[in-house]
Amino acid sequence: MCRLAAYLGEPLFLEELIAKPRHSLMRQSLHADQAKMQTHGDGFGIGWYGERPEPGLVREATPAWGDDNLLALAQTLRSRLFFAHVRAATFGASSRANCHPFRHGRHLFMHNGQIGGYAQLRRTLESMLADDLYTARRGATDSELLFLLTMARVRDGSAPDAAMLAVLAETAALMRDRGISEPLRFAAALTDGERLYAFRIASDGKPPSLYLRRCGGGVIVASEPLCDDSAGWQALPVGAVLSADPQGCTVATVGLPAATEVALTC
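An account of the accompanying structure is given in this report. Counting starts from 1 at the beginning of each chain's written sequence and moves along it residue by residue. Thresholds applied to this predicted model are a pLDDT of at least 70 for local features of residues and 80 or more for the giving and counting of side-chain atom pairs; totals over whole chains, interfaces and linings are not thresholded and use all residues. Side-chain metrics in this entry use all non-hydrogen atoms of the structure; hydrogen atoms and water are not considered.

**Notes on the overall build of the protein**
Working step 1: Counting its secondary structure elements, the protein contains seven helices and 14 strands.
Working step 2: Three exposure classes are used, based on accessible area relative to the maximum for each residue type with a 1.4 Å probe and protein chains only: buried under 20%, partly exposed in between, and exposed over 50%. Within the protein, the fraction of its 266 residues that count as buried is 55%.
Working step 3: Only the protein chains shown count as cover for residues, with accessible areas throughout obtained via the Shrake-Rupley method and a probe of 1.4 Å. About 11300 Å² of surface is accessible on the protein, with carbon and sulfur atoms providing 47% of the total. Numbering of helices and strands runs from the N terminus; a helix is a DSSP stretch of H or I covering at least four residues, while a strand is a stretch of E covering at least two.

What follows is the structure, given as structure tokens:
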């Protein structure tokens, strides 16, 4: 399992997200409160947007808590849109290529969860990728594969959130066809550099934790609250799909297969 945090809003320094808070992402990498594994030392990554449409990206296969370069970067890097992730590997070796976030063009994606029975599905899912997207794949995780399948649908004209939901529904259907009883669990964030999308979905109704907080100049999505001010953090409901921009956000709840049931304003 993994821990993640994303921010969209008025520009701030990365340290405000991953280092300064009492329960920052760097702290969670050593001692998470709401994960099956307390330590998440199989790598980390950060993605951010600057003056170009394509995001910057730094990933390492070392633990976040012991990386002085990460802390130094966090103190000087300022952006309106950040993704940050610490990894506890469930599938795929501990390597830089398997660390999140993943980048394709102007999009970033990061994930906490797993596809049940992935080894039985991997070849079929990979065969759905166009040659150029298959070649773009650098690691071996189910997360990166889901992301590239989503990028194929975005390229064909789908909105990012609709594309992601379609891929999840297709994957869940394939799992049922193969008689796989293990669940698909999915807490993730996706962005095109303008909007932030977040998902908390599971085929068994037990997705990983994911929280939302509106702060003065923006919105934060995180696996766990980053500080002790619990009143400011809202647990996203099971089936949540969040869509946010600097003006505000909405949350819809869906199931697998994806069918919208209710929409909320946040």
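**Looking at the nonpolar core**
Working step 1: Phe 109, Leu 125, Phe 186, Leu 190 and Phe 199 are the most contacted members of the largest nonpolar core, which totals 33 residues.
Working step 2: Breaking this core down by element, the ones donating at least two residues are strand E6 (107-115), helix H4 (118-127), helix H6 (142-155), helix H7 (160-177), strand E7 (184-191) and strand E8 (196-202).
Working step 3: Element by element, the count of residues in this core is highest for H6, at eight residues.
Working step 4: It only takes one pair of heavy atoms within 4.5 Å for two residues to be counted as in contact. Beyond its immediate stretch of four places on either side in the chain, Phe 199 contacts Asp 161, Met 164, Leu 165, Phe 186, Ala 187, Ala 188, Leu 190, Leu 210, Ala 240 and Val 241.
Working step 5: Only buried residues count toward a nonpolar core, which is a set of Ala, Val, Leu, Ile, Met, Phe, Trp, Tyr and Cys residues joined through side-chain atoms within 4.5 Å. Residues Trp 48, Leu 70, Phe 82 and Val 86 belong to the second largest nonpolar core, which totals 22 residues.

**Notes on the packing of aromatic side chains**
Aromatic ring pairs are reported here in terms of the distance separating the ring centres and the angle at which the planes meet.
Working step 1: Pairing of aromatic side chains requires ring centres within 6.5 Å, counting the rings of Phe and Tyr and the six-membered ring of Trp. Pairs whose planes differ by under 30 degrees are stacked, by over 60 edge-to-face, and all others tilted. The final tally for this structure, using the stated rule, is three aromatic pairs.
Working step 2: Relative to Phe 147, the ring of Phe 109 lies with its centre 5.4 Å away and its plane at 10°, an arrangement referred to as stacked. Of this pair, Phe 109 sits in strand E6 while Phe 147 sits in helix H6; the two residues are 38 residues apart in sequence, bridging distant segments of the chain. Like Phe 109, the residue Phe 147 is buried in the burial classification.
Working step 3: Members of the aromatic cluster, connected to one another through ring pairs, are Phe 109, Phe 147, Phe 186 and Phe 199.

**Here's the deal with the environment of Pro 55**
Working step 1: In this fold, Pro 55 is placed in the loop between strand E2 (44-48) and strand E3 (56-60).
Working step 2: Here Pro 55 falls in the buried class, since its relative accessible area comes to 3%.
Working step 3: Here the alpha-carbon distance between Pro 55 and His 107, two residues 52 residues apart in the chain, equals 7.5 Å.
Working step 4: Apart from the residues lying within four places of it in its own chain, the contact partners of Pro 55 are Trp 48, Tyr 49, Arg 103, Gly 105, Arg 106, His 107 and Leu 108.

**A look at the environment of Met 151**
Working step 1: Tracing the backbone shows Met 151 in helix H6.
Working step 2: For the pair formed by Met 151 and Leu 129, sequence separation is 22 residues and the distance between their alpha carbons is 9.6 Å.

**A closer look at unusual backbone geometry**
Working step 1: Cis geometry is found at the peptide bond from His 100 to Pro 101, where omega equals 0°.
Working step 2: Positionally, Pro 101 belongs in the loop between strand E4 (78-87) and strand E5 (102-104).

**Some remarks on H7**
Working step 1: Here H7 is 18 residues long and its end C-alpha atoms lie 26 Å apart, about the 26 Å a rise of 1.5 Å per residue gives.
Working step 2: Taken residue by residue, H7 has Pro 160, Ala 163, Met 164, Leu 165, Val 167, Leu 168, Ala 169, Thr 171, Ala 172, Leu 174 and Met 175 as its buried positions.
Working step 3: Lining the buried residues of H7 we find E6, H4, H6, E7, E8 and strand E12 (240-245).
Working step 4: Immediately beyond the C-terminal end of H7, within one or two residues, lies Gly 179, with a positive phi of roughly 70°. Multiplying 1.5 Å by the residue count of a helix minus one yields the expected span of that helix.

**Things to note about the side chain of Glu 126**
Working step 1: Take Glu 126: it is sitting in helix H4.
Working step 2: Judged by its relative accessible area of 14%, Glu 126 is buried.
Working step 3: Each residue touching Glu 126, except ones within four places of it in the same chain, is listed here: Tyr 134, Arg 137 and Leu 145.

**Considerations on the pairing of strand E9 (residues 211-215)**
Working step 1: Here the rule is simple: two strands pair whenever DSSP picks up at least two bridges between them. By the bridge criterion, five bridges tie E9 to strand E10 (residues 218-222) in an arrangement that is antiparallel. Residue pairing in the sheet places Tyr 211 in a bridge with Ala 222 of E10.
Working step 2: As consecutive antiparallel partners, E9 and E10 are separated by two residues.

**Regarding H6**
Given 3.6 residues per helical turn, the α-helix brings residues three or four places apart onto the same face.
Working step 1: Compared with an ideal rise of 1.5 Å per residue, which puts 14 residues at 20 Å, H6 spans 20 Å between its outermost C-alpha atoms and is within 8% of the ideal.
Working step 2: Burial analysis of H6 places 12 of its 14 residues in the buried class, the great majority of the element.
Working step 3: Looking at the buried side of H6, the elements it contacts are E5, E6, H4, helix H5 (131-136), H7 and E7.
Working step 4: Where H6 terminates, the next one or two residues include Gly 157, which has phi positive at roughly 115°.

The quantities given are spatial measurements derived from coordinates; they are silent on function.
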